[in-house]
Amino acid sequence: MSADDDDAADRTFEQRARADLRRGIEQTPPDVRARLDSIVAQALAQPRRPSVIRFALPAAAVVLIAGLFVAQQWRATPAPDASAADDFALLIDGDNLDLVEQMEFYQWLNRQPGILDDAAPPAPAQRS
Amino acid sequence: MEDSRELEAFLRGVAPRAFRVARLGLREDQDALDAVQEAMIKLARRYADRPAREWPPLFYAILRNCVHDLQRSHRSRNSLVSWLTRFVPPGETEVAELGVEPPQPPDEQIESMQQLSRVERAVARLPARQREAFLLRNVEDMDVSETAIAMGCTEGSVKTHYSRAVRALREQLGDL
């Protein structure tokens, strides 16, 4: 038997099986039909649940817009440059703050000849 | 209101076919009615606002799950019963046997009914996926894409299951 013949035999078989199955459906017993009618009535009386997608889509859109807005704001804020960050680090350092506050004193001290030299410890004596 | 009438027409039309499909999977009228009832209630609650053309594959996808749930619960119940009957002396209990065919009514259409019974028995013996593909295509007239949605698989799988089903049925039944 060729493939075409086999296909044709399949189609014929399907048609006959389909006719038999449909005959079976037509022969559904009356008591079962009555039960099916009451099942349909019961299903139609069910309250309908609102579709999730009806609420999910607007909610997702709101979240997306809010996210985009936050991202845009975050990018628009200028990042502090490196030199400003260095100045800030200098200012918050305790030692450097003292130096800045007493800068005038150290400048005066530097201008006085000999004071810093006298304050230095004496150099060790050289042996002859 | 129009939607309700459309849904009612769909449910009334599909009910006997759905019952037959479920009956072939479950082999008991009461179980098939339970599965159809659950599937219809779920469809009406969840998907009544969907376009009417989407209802058939959605309904059969739900019905398929209901049938599987009942088959699973039967398997658990049967294994429990068979385990319990090992402790009961023979003759003191009867285990309900699934799949017992009703007696043939003696009328002039007996040959026709025997033919129908043979076809239905052969379809019921198919593996579940092949049976689903065969019934959805031939009882519900679904095309391949609708059948794929109802079965939760690809169109290629539907074609494979369907051609295997036809081959297996032809081997069992001849050319009818």
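So, how was this worked out
Residues take numbers from 1 onward in each chain, read along the sequence in its written order. Both sets of labels track the order of writing: A upward for chains, 1 upward for ligands. At least 70 in pLDDT is required for a residue's local features to be given in this predicted model, at least 80 for side-chain atom pairs to be given and counted, and no such filter applies to totals for whole chains, interfaces and linings, which use all residues. Computation of side-chain values covers all heavy atoms of the structure but excludes hydrogens and water. The secondary structure listing takes helices from DSSP runs of H or I that are at least 4 residues long and strands from runs of E that are at least 2 residues long, numbered from the N terminus. Under the scheme applied here, a residue whose accessible area is under 20% of the maximum for its type counts as buried, over 50% as exposed, and between as partly exposed, the area being computed with a 1.4 Å probe on protein chains only. Patch membership is restricted to residues that have no salt bridge and whose relative accessible area is over 30%. Joining uses 9 Å for like charges and 5 Å for the nonpolar side chains Val, Leu, Ile, Met, Phe, Trp and Tyr. With residues, only the protein chains shown are counted as cover, and all accessible areas are computed by Shrake-Rupley using a 1.4 Å probe. Salt bridges are defined by distance alone: a side-chain nitrogen of Lys or Arg within 4 Å of a carboxyl oxygen of Asp or Glu. Counted as positive: Lys and Arg. Counted as negative: Asp and Glu. His and the chain ends are not counted at all. Positions of charges follow a simple convention, taking NZ of Lys, CZ of Arg, CG of Asp or CD of Glu. Contacts: residue pairs with any heavy atoms within 4.5 Å of one another. To form a nonpolar core, buried Ala, Val, Leu, Ile, Met, Phe, Trp, Tyr and Cys residues must be joined to one another through side-chain atoms within 4.5 Å. As a rule, the C-alpha atoms of each element are fitted with a line to give its axis, helices using only the stretch in contact, and angles between N-to-C directions run from 0 to 180 degrees. Note on terminology: angles under 35 degrees are roughly parallel, angles over 145 are roughly antiparallel, angles of 65 to 115 are roughly perpendicular, and the others are oblique. What pLDDT conveys is the predictor's confidence in a given residue, as a value from 0 to 100. Every helix has an expected span of 1.5 Å times one less than the residues it contains. Directions are taken from the helix axis to each C-beta atom, and the arc is the one they span. For this analysis, a ring pair means two rings from Phe, Tyr or Trp (six-membered ring only for Trp) whose centres lie within 6.5 Å, classed as stacked if their planes differ by under 30 degrees, edge-to-face if by over 60, and tilted for the remaining angles. Any Lys NZ or Arg CZ found within 6 Å of a ring centre and within 35 degrees of that ring's normal is scored as a charge over the ring. Any N or O atom pair separated by 3.5 Å or less is treated as a polar contact, with the protein-specific requirement of one donor-capable and one acceptor-capable atom, and with residues adjacent in sequence counted only for side-chain atom pairs.

(A) Molecular detail of the overall build of chain A. Each helix and strand counted, chain A has seven helices and zero strands in total. Among the 128 residues that make up chain A, the fraction classed as buried is 14%.

(B) Focus on a positive patch on the surface. All names here are of chain B. A cluster of basic residues, Arg27, Arg118, Arg121 and Arg125, forms a positive patch on the protein surface. Looking at the element boundaries, arginine 121 is found in helix α4 (residues 110-125). The class for arginine 121 is partly exposed, based on a relative accessible area of 33%.

(C) A look at the environment of A:Gln42. When you line up the elements, A:Gln42 lands in helix α2 (residues 30-44). With a relative accessible area of 36%, A:Gln42 lands in the partly exposed category. Those residues in contact with A:Gln42 that sit more than four places away from it in its chain are B:Gln37 and B:Ile41.

(D) How the structure looks around the nonpolar core. Residues and elements named next belong to chain B. Counting 61 residues, the largest nonpolar core has Met40, Leu43, Phe59, Tyr60, Leu63 and Phe134 as its most contacted members. If you tally residues by element for this core, the top one is helix α1 (residues 2-26), at 11 residues. For leucine 43, the contacting residues outside a window of four places in its chain are Leu7, Phe10, Leu11, Ala48, Trp55, Leu58, Phe59 and Ile62.

(E) Inspection of the pattern of salt bridges at higher detail. Counted under the stated rule, the structure contains 15 salt bridges over all chains. Across the salt bridge formed by A:Asp20 and A:Arg23, the nearest N and O atoms sit 2.5 Å from each other. Of the two residues, A:Asp20 and A:Arg23 both sit in helix α1 (residues 3-26), three residues apart, roughly one turn of that helix. A relative accessible area of 7% means that A:Asp20 is categorised as buried. With its nearest N and O atoms 3.1 Å apart, the salt bridge here joins B:Arg20 to B:Glu120. In this pair, B:Arg20 sits in helix α1 while B:Glu120 sits in helix α4, placing the two residues 100 residues apart along the sequence. Looking at B:Glu120, the relative accessible area reads 14%, which means it is buried. One continuous salt-bridge network, built from bridges that share partners, spans A:Arg18, A:Arg22 and B:Asp141.

(F) Summary view of the packing of α1(A) against helix α5 (residues 128-138) of chain B. At a minimum axis distance of 10 Å, the contact between α1(A) and α5(B) shows a crossing angle of 80 degrees. The angle between α1(A) and α5(B) falls in the class roughly perpendicular. From α1(A), A:Glu14, A:Ala17, A:Arg18, A:Leu21 and A:Arg22 reach across to α5(B), where they touch B:Phe134, B:Leu135, B:Arg137 and B:Asn138.

(G) Up close: a nonpolar patch on the surface. A grouping of A:Leu99, A:Met103, A:Phe105, A:Tyr106 and A:Trp108 is seen on the molecular surface, where their side chains present a nonpolar patch of about 480 Å² in accessible area. The element best represented in the nonpolar patch is helix α6 (residues 103-111) of chain A, accounting for four residues.

(H) Representation of the confidence of the model for chain B in the model. Averaged over all residues, the pLDDT of chain B equals 85, while 80% of them reach at least 70. Every residue in residues 93-97 of chain B is under pLDDT 50, and counting partners more than four places away or in other chains gives five contacts.

(I) Expanded view of helix α7 (residues 155-173) of chain B. Between the first and last C-alpha of α7(B) there are 27 Å, a value that for 19 residues agrees with the 27 Å anticipated at 1.5 Å per step. Restricting attention to buried positions, one finds in α7(B) the residues B:Val158, B:His161, B:Tyr162, B:Ala165, B:Val166, B:Leu169, B:Arg170 and B:Leu173. Seen along its axis, α7(B) keeps its buried residues to an arc of 165 degrees; they face one direction. With respect to the buried face of α7(B), the exposed residues turned more than 90 degrees away are B:Arg167 and B:Glu171. In this structure, the buried residues of α7(B) make contact with α1 of chain A together with α4, α5 and α6 (144-151) of chain B. Phi turns positive one or two residues past the end of α7(B), at B:Gly174, with a value near 70 degrees.

(J) Fine view of the packing of aromatic side chains. All names here are of chain B. Within the structure shown, the criterion is met by six aromatic pairs over all chains. Aromatic ring contacts, followed pair by pair, group Phe10, Trp55, Phe59 and Tyr60 into a single cluster. A cation over an aromatic ring shows up here: arginine 137 above the ring of tyrosine 162, its NZ or CZ 5.2 Å from the ring centre.

(K) Broad picture of the environment of B:Arg170. Relative to the helices and strands, B:Arg170 is located in helix α7. On the basis of relative accessibility, which here comes to 15%, the residue B:Arg170 falls in the buried class. Here the alpha-carbon distance between B:Arg170 and B:Ala122, two residues 48 residues apart in the chain, equals 9.5 Å. Excluding anything up to four places from it in sequence, B:Arg170 contacts A:Asp6, A:Ala9, A:Asp10, A:Phe13 and B:Asp175. At a separation of 2.7 Å, a polar atom in the side chain of B:Arg170 contacts the side chain of A:Asp10.

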